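# Structural overview for review
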Amino acid sequence: WQHVGEEDTNLPHGSRFALDLAQHDHRQVLRFLLALAAREVSEPREEAPEDVLDRLVDCKWTEDALAAQEGDWKLTWLEAMPEKGTLTCVYRNDEEAINQVARKELAEKYLGIFV
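To keep things clear, this report deals only with the structure shown in the data block. Source: prediction; values computed, not measured. (Residues numbered from 1 in each chain as written. Predicted model: local features only at pLDDT ≥ 70, side-chain atom pairs only at ≥ 80, totals over all residues. Heavy atoms only, no water.)

## Thoughts on the nonpolar core
If you look at soluble globular proteins, the nonpolar side chains tend to sit buried side by side. By size, the foremost hydrophobic cluster in this structure holds 24 residues, and its most contacted members are Leu30, Leu56, Trp77 and Leu87. Counting only elements with at least two residues in this core, the list comes to β1 (16-20), α1 (24-39), β2 (56-61), α2 (73-79), β3 (86-91) and α3 (100-111). It is α1 that contributes the most residues to this core, 7 residues altogether. With residues up to four places along the chain from it excluded, the contact list for tryptophan 77 reads Leu21, Leu30, Leu34, Trp61, Leu66, Gln69, Pro82 and Leu87. (Core = buried A, V, L, I, M, F, W, Y, C linked by side-chain atoms within 4.5 Å. Buried < 20%, exposed > 50% of the residue type's maximum accessible area, 1.4 Å probe, protein only. Helix = DSSP H or I, 4+ residues; strand = E, 2+ residues; numbered from the N terminus. Contact = heavy atoms within 4.5 Å.)

Okay, structure coming up:
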């Protein structure tokens, strides 16, 4: 949980996740990633202020196109996550946006990890 998004710590696939939504543990990991992505927001860059970096990128769901989901699928899934299909995504770090307090809090809430 502390090193989410680091290529060299999340082996074998680095910051790429493949989550089977039929499995409770995988849904909990996705809840953690979705909540963390909402808390680790990057500041707009001076050279491209309209381009705010998204934490979860290259997301694909085997059951449907995520763009076809009504509203923002990430917010919707935090409320009511599907229980079928596989979601693949990459968690992209931004060193300036890493929030260890949020990571610890969300790891306790969603993953049952108490430090």
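## Describing the pattern of salt bridges
Per the counting criterion, the structure on display carries 6 salt bridges. For glutamate 40, the salt bridge is made with arginine 103, and the minimal N-O distance between the two is 2.6 Å. Linking glutamate 40 in the loop between α1 and β2 with arginine 103 in helix α3, this pair joins segments that are 63 residues apart in sequence. For the salt bridge of aspartate 58 with lysine 60, the shortest nitrogen-to-oxygen distance reads 2.5 Å. Among the charged side chains, a salt-bridge network with shared partners connects Arg16, Asp58 and Lys60. (Salt bridge = Lys/Arg side-chain N within 4 Å of Asp/Glu carboxyl O.)

Everything listed here is a matter of coordinates, which is why it stays silent on function.
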